[in-house]
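One letter stands for each residue in the lines below.
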Amino acid sequence: LGYSYIVVGHSLGAGTAALTAVIIKEELNIPKVKCYAIGCPPVLDKKAALGTTDYICSVVHSRDIIPRVSLSNMRIMNK
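No experiment lies behind these values; they were computed from the predicted model shown.

Rules of the game
Residues numbered from 1 in each chain as written. Predicted model: local features only at pLDDT ≥ 70, side-chain atom pairs only at ≥ 80, totals over all residues. Heavy atoms only, no water. Pairing = 2+ DSSP bridges. Helix = DSSP H or I, 4+ residues; strand = E, 2+ residues; numbered from the N terminus. Axes fitted to C-alpha atoms, helices over the stretch in contact; angles between N-to-C directions. Core = buried A, V, L, I, M, F, W, Y, C linked by side-chain atoms within 4.5 Å. Buried < 20%, exposed > 50% of the residue type's maximum accessible area, 1.4 Å probe, protein only. Contact = heavy atoms within 4.5 Å. Patch = residues over 30% accessible without salt bridge, like charges linked within 9 Å, V, L, I, M, F, W, Y side chains within 5 Å. Areas by Shrake-Rupley, 256 points an atom, 1.4 Å probe, with all protein chains shown as cover. Salt bridge = Lys/Arg side-chain N within 4 Å of Asp/Glu carboxyl O.

A word on the sheet that holds strand β1 (residues 5-10)
Judged by pairing direction, the sheet is parallel, and its three strands sit side by side in the order β1-β2-β3 without closing on themselves. Two strands close off the open sheet at either side, each with one partner strand: β1 and β3 (56-59). Recorded for the sheet is a direction-independent mean angle of 10° between the axes of neighbouring strands. Sheet topology note: the β1/strand β2 (residues 33-38) ladder contains six bridges and is parallel.

So, in structure tokens, the structure goes:
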């Protein structure tokens, strides 16, 4: 029907929004989707995240720890 979708979330909801946008675009093959993820936790690996830059916009406050808490970052901090 030509609809476009906008998915928005904050914190845990941002992670859910990002994953929902990926499902809509990649699995359901609906091309018109945009996601605004505010304070999104890391829910995709680097390769997948780089593949979503045209439709997911992630906004992070300078000192927000949630977007930076990933397994790879925890390993670095543990050294």
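And the narrative resumes.
Overview of the nonpolar core
If you look at the biggest cluster of nonpolar residues, it comprises 13 residues, and the most contacted ones within it are A21, V33, C35, Y55 and I56. It is helix α1 (residues 12-27) that contributes the most residues to this core, six residues altogether. Here V33 is in contact with Y5, V7, A21, I24, K25 and Y55, once residues within four sequence places are set aside.

Quick look at a nonpolar patch on the surface
A contiguous nonpolar patch, built from I6, V8, Y36, I38 and V59 and spanning about 460 Å² of accessible area, is present on the exposed surface. Contributing elements (two or more residues each) for the nonpolar patch: β1 and β2. With respect to the element layout, V59 can be found in strand β3.

Description of unusual backbone geometry
Even without glycine at this site, S11 takes up a positive phi of about 60°. Among the structural elements, S11 can be located in the loop between β1 and α1. By relative accessible area, S11 is classed as partly exposed at 24%. Phi is positive for N29, which is not a glycine, with a value near 55°.

Honestly, it's all geometry; don't read function into it.
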